[in-house]
Amino acid sequence: MPARNPFAEYENNKIMTASPAEITLMLYEGAIKFCNIAIIAIENGETEKAHINIKKTQRIIEEFRNTLDHQYAVAEEFDKIYVYLLQRLLQANIRKDKEILEEVNMHLRSVRDTWKEVMKRCRQA
């Protein structure tokens, strides 16, 4: 019988009970985390680890693009942001460029913070 992992159970329950808005926030947090890991990996010369975490960041952003609801005008603006971030991540991965990743992370934090503010305002409404 496998050992019980309370932390893993907590994380699973957190995801399973989260609202779509909370899941979106978790995904932004994940993209930022993976981008940070890639930056540190580049600093340490761990190119494979950097590659893996850049790809994880890309997959999250691709998922955001795939789930945009284009019946709303704002979706086009988000799509432009996501396309730009994906292009920069590709460049960062090819060059193993920490500065590009720091730029991407700055944009991800900005969008995440905007999302948090939207969630806060929705709760207050």
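Above this text is the structure in question.
In this report, we go over the structure that sits alongside the text. One numbering rule holds for all chains: residues counted from 1, following each sequence as written. Whole-chain, interface and lining totals are the exception, using all residues; otherwise, since this is a predicted model, local features are given only for residues with pLDDT of at least 70 and side-chain atom pairs are given and counted only at 80 or more. By convention in this description, side-chain values take in all heavy atoms of the structure and omit both hydrogens and water.

### Regarding the overall build of the protein chain
Next, step 1: In terms of regular secondary structure, the protein chain is built from five helices and zero strands.
Next, step 2: Helices and strands in the protein chain line up, N terminus first, as α-α-α-α-α.
Next, step 3: In terms of its C-alpha atoms, the protein chain occupies a principal-axis envelope of roughly 50 × 45 × 20 Å.
Next, step 4: Pairs of residues are marked as contacts when any of their non-hydrogen atoms sit within 4.5 Å. In the protein chain, of all internal contacts separated by at least 6 residues, the share reaching a separation of at least 24 is 61%.
Next, step 5: Accessibility throughout is a Shrake-Rupley quantity obtained with a 1.4 Å probe, and a residue counts as covered only by protein chains that appear here. In the structure as shown, the protein chain presents an accessible area of about 8,300 Å², 56% of it carried by carbon and sulfur atoms. The helix and strand labels rest on DSSP assignments: H or I over at least four residues marks a helix, E over at least two residues marks a strand, and numbering proceeds from the N terminus.

### Observations regarding the environment of A50
Next, step 1: Structurally, the position occupied by A50 is in helix 3 (residues 47-66).
Next, step 2: C-alpha separation for the pair A50 and D97, spaced 47 residues apart in sequence, amounts to 9.9 Å.
Next, step 3: When sequence neighbours within four positions are dropped, the list of residues in contact with A50 reads A38, A41, I42 and K96.

### Description of helix 4 (residues 74-95)
Next, step 1: By this rule, a helix spans an expected 1.5 Å times one less than how many residues it contains. Helix length check: helix 4 (22 residues) gives 32 Å between terminal C-alpha atoms against 32 Å at 1.5 Å per residue, within 8%.
Next, step 2: Where helix 4 is concerned, the buried positions are A75, D79, Y82, L85, L86, R88, L89, A92 and N93.
Next, step 3: Buried residues belonging to helix 4 abut helix 2 (20-43), helix 3 and helix 5 (98-124).
Next, step 4: K96, located one to two residues past helix 4, shows a positive phi value of around 50°. Burial classification: accessible surface area is computed with a 1.4 Å probe over protein chains only, and a residue below 20% of its type maximum counts as buried, one above 50% as exposed, and the rest as partly exposed.

### Considering the layout of surface pockets
Next, step 1: Roughly 450 Å³ of internal volume is contained in the largest pocket.
Next, step 2: The definitions used throughout rest on a 1 Å grid laid over the protein atoms alone, on which a cavity is an enclosed set of points accommodating a 1.4 Å probe that cannot get out and a pocket is an open set flanked by protein within 12 Å on both sides along at least five of seven lines; lining residues are those having an atom within 4 Å of a point. Around the largest pocket sit 17 residues that line it, and T24, F64, T67, L68 and W115 are the ones nearest its centre.
Next, step 3: Contributions of two or more residues to the lining of the largest pocket are made by helix 2, helix 3 and helix 4.
Next, step 4: Among the elements that take part in the lining of the largest pocket, helix 2 stands out by supplying six residues, more than any other. Grid points are joined across faces, edges and corners, and a volume is the space filled by probe spheres set on the points.

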